[in-house]
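Single-letter residue listing:
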Amino acid sequence: MSHYTSSELMTINAARLLRDGDVVFVGVGLPNLACNLARHTHAPNLLMIYEAGVIGARPNRLPLSIGDPTLVSGATGVCSMYDIFTLYLQRGNVDVGFLGGAQIDRFGNINATVIGGYDHPKVRLPGSGGSQEIAAWANRCYVMTPHQKRRFPAKVDFHTSAGFLNGRAERDATGVRGGGPQVIVTDLGLMEPDETGELVLTAVHPGIQPEQAQANTGWDLKVAPSLRVTAEVTDEELRILREELDPNGIYLKGG
Amino acid sequence: MTKICSLTDAISRLVQDGDTLYAAGFTHMIPFAAGHEIIRQGRKNLVLARATPDLIYDQMIAAGCARKIIFSYTGNPGVGSLRIVRAEMEAGRLEWEEYSHFGMISRLQAGAAGLPFMPMNQTAATDLERANPNIRRVVDPYSGRDVITVPALQPDVAIVHVQRADVHGNAQIWGIIGEQKEAAFAAQRVILTAEEIVDEDVIRSDPNRTVIPGFIVDAVCHVPYAAHPSYTQGYYDRDNAFYLAWDKISETPESVQAYLQEWVYGVKDRQEYWEKLSAETRESLRVTSRPAAPVDYGNY
């Protein structure tokens, strides 16, 4: 029995990927917690911006929706949605984007739109929101998702947002400015794209074997020769998450 | 000239069956009171456009007001699935036209600016472009590279909720200003609901805060709490408990119809709706004050 939940483990490992001074295009839930954890630890100058048009948010309470009023009070700026997607994202002013979806494939393409055919959906999902452009234009993208086979098929049913398409060269040929998915953080470890754009297992969390990740991935998951073990979750990281950021466990209870 | 009228009158005069409607406000100041009035007046065959259909369109679709939605994200924000929209789409009973948020907002921006379309950079994700023939490509005449285009959206009616407006419709908004200005300028007709109707001098004391000029507005309705269960910055909080409750209510058609009977058809207007909410709910939505530092425009 570990002393933390899967959600806490993923959030802490995602926070460690953020750098001081990063401009992060962030959603509610775990990405918001990861940014705030980074801000409270190694990245005090991290700047959070939200698709609703909020810049430099300093939420006093846990935001429960993407347009929560706590994001506005005390922020450094507010602008229209057209401005946030053009002046900030399209212009190239965003370092990091967080993405999520029902399915992520071998080349980091994400489906948040539909399971089954588009015109006759078996399961209709919410759709892109901001993610199609974030995935294309943020310098680095990160994903947090539990490691389950149904979430990691070899190919997604629909490209809501682009990873490396069928390989890194194919994304490069489109000329999109962003670097694509850099790390997929799961509850078992980290996956990163190799030189071809294929996601490979580069790290496992303490106590996890690479075979567990392979058994829960829908393609033949390669293990990087330099496979490492992620650093243990610290008491201080857990304290900040539990006592300061999500004291009611709204997002962190999971797993 | 005063444009003050009741919301009942504004909807009756300015929203027709078959109209394309944009109820503005990205999570913030969603004009629920107007949506409920449209349901009460039994409008049909509307084309409902909004980046996030949210609970307002879930309810209007459940009430049989719509034939089609135009959207970019159909979730229940912060909760999960928007069950009615989803079920209608899966069953093939509701037409839809889908964009990313940026595509949707670019459509409004083009409509507001009087342009035929808006260009956007490529994203490398082309499935939506294949699924929606309104998303196209043109060659940039300067670089020779492809850019993505979306057509202007010019709704028949935009409905915008604001913190304060004068009787002429000069409207001031603060907090999240998502796409209210663009929706108002893009639309043929504009209905405002306002938390407060203020003297023209109040508007003139802070001209930079005016987002919508009165001359493009057709009706100004004084409707406090019009955005509940969404929120109005500085006036009341988002009713997150109701957003969660809707997830349960919308599980069955029976409970949805019971909700509409009690909270929409069963009340005359927003004031009756607000007073019908429990004192506990109203109290939980109260916000404490955090005023901005005043600015000095100078007396010239």
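This text goes with the structure placed above it.
Criteria and cut-off values
- Residues numbered from 1 in each chain as written.
- Chains lettered and ligands numbered in written order.
- Predicted model: local features only at pLDDT ≥ 70, side-chain atom pairs only at ≥ 80, totals over all residues.
- Heavy atoms only, no water.
- Pairing = 2+ DSSP bridges.
- Helix = DSSP H or I, 4+ residues; strand = E, 2+ residues; numbered from the N terminus.
- Axes fitted to C-alpha atoms, helices over the stretch in contact; angles between N-to-C directions.
- Contact = heavy atoms within 4.5 Å.
- Buried < 20%, exposed > 50% of the residue type's maximum accessible area, 1.4 Å probe, protein only.
- Right-handed = clockwise from strand over helix to strand, strands pointing away.
- Core = buried A, V, L, I, M, F, W, Y, C linked by side-chain atoms within 4.5 Å.
- Parallel < 35°, antiparallel > 145°, perpendicular 65-115°, else oblique.
- Left-handed = near helix turned anticlockwise from the far one by under 90°.
- Salt bridge = Lys/Arg side-chain N within 4 Å of Asp/Glu carboxyl O.

Concerning the sheet that holds strand β7 (residues 117-120) of chain B
Residues and elements named next belong to chain B.
- The strand order across the open sheet formed by three strands is β7-β9-β8, and the pairing between neighbours is antiparallel. Looking along the sheet, the strands with just one partner apiece sit at the ends: β7 and β8 (136-139). On average, each strand axis in the sheet is tilted by 40° relative to the strand beside it, whichever way the strands run.
- Strand direction decides the pairing type here: β7 and strand β9 (residues 146-151), joined by four bridges, are antiparallel. For P119, the partnering residue across the bridge sits in β9 and is T149.
- Against the sheet, helix α5 (residues 101-113) touches β7 and β9, its axis set at about 140° to β7.

Considerations on the sheet that holds strand β3 (residues 54-55) of chain A
Residue and element names in this part refer to chain A.
- Strand order in this open sheet of ten strands is β4-β3-β2-β1-β5-β10-β11-β12-β13-β14, and the pairing throughout is mixed. Only two strands of the sheet have a single neighbouring strand rather than two, namely β4 (77-78) and β14 (223-229).
- Contacting β1 (23-25), β2 (47-50), β5 (96-99) and β10 (140-144), helix α2 (residues 30-40) crosses the sheet at an angle of about 160° to β2.

Let's talk about the pairing of strand β3 (residues 66-71) of chain B
Residues and elements named next belong to chain B.
- Of all six residues in β3, five are buried; the element is thus mostly enclosed.
- The pairing of strand β2 (residues 46-49) with β3 spans four bridges and is parallel. Note that in β3 the partner of V47 across the bridge is K68.
- Each parallel crossover has a hand, and the one from β2 via helix α3 (residues 54-62) to β3 is right-handed.
- Pairing of β3 with strand β6 (residues 95-98) involves four bridges; the strand directions are parallel. Paired with K68 across the strands is E95, a residue of β6.

Examining the nonpolar core
- The biggest cluster of nonpolar side chains holds 178 residues, and the ones touching the most others in it are F98 of chain A together with M60, I191 and L192 of chain B.
- Ignoring any residue separated from it by four or fewer positions in sequence, one finds F98 of chain A in contact with A14, L18, V24, F25, P31, A34, C35, Y142 and M144 of chain A.

Remarks on the side chain of S161 of chain A
- Tracing the backbone through its elements, the reader meets S161 of chain A in the loop between β10 and α6 (168-174).
- S161 of chain A sits in the buried class, given a relative accessible area of 1%.
- Excluding residues that lie within four positions of it along the chain, S161 of chain A makes contacts with N109, I110, S131, Q132 and A135 of chain A together with A125 of chain B.

Side note on the packing of helix α1 (residues 7-14) of chain B against helix α2 (residues 32-40) of chain B
Residue and element names in this part refer to chain B.
- At a minimum axis separation of 10 Å, α1 and α2 run at an interaxial angle of 60°. Here α1 is positioned oblique relative to α2, judged by the angle of their axes. Helix-helix and strand crossings are classified by hand; for α1 and α2 the assignment is right-handed. Only A33, A34, E37 and I38 of α2 make contact with α1, whose side of the interface consists of L7, T8 and I11.

Regarding the pattern of salt bridges
- Taken as a whole and judged by the stated rule, the model has 30 salt bridges over all chains.
- Between R16 of chain A and E237 of chain A there is a salt bridge; the shortest N-O distance is 2.9 Å. One end of the pair, R16 of chain A, is in the loop between α1 (6-15) and β1; the other, E237 of chain A, is in helix α8 (residues 235-245), and 221 residues separate them in sequence.
- Owing to a relative accessible area of 12%, E237 of chain A belongs among the buried residues under this scheme.
- Across the pair R40 of chain B and E37 of chain B runs a salt bridge, and its minimum N-O distance is 3.0 Å. Here the residue R40 of chain B and the residue E37 of chain B both occupy positions in helix α2, the gap between them amounting to three residues, near one helical turn.
- Its relative accessible area of 4% is what places E37 of chain B among the buried residues.
- Beyond isolated ion pairs, a larger network of salt bridges with shared partners links E236, R239, E243 and E244 of chain A.

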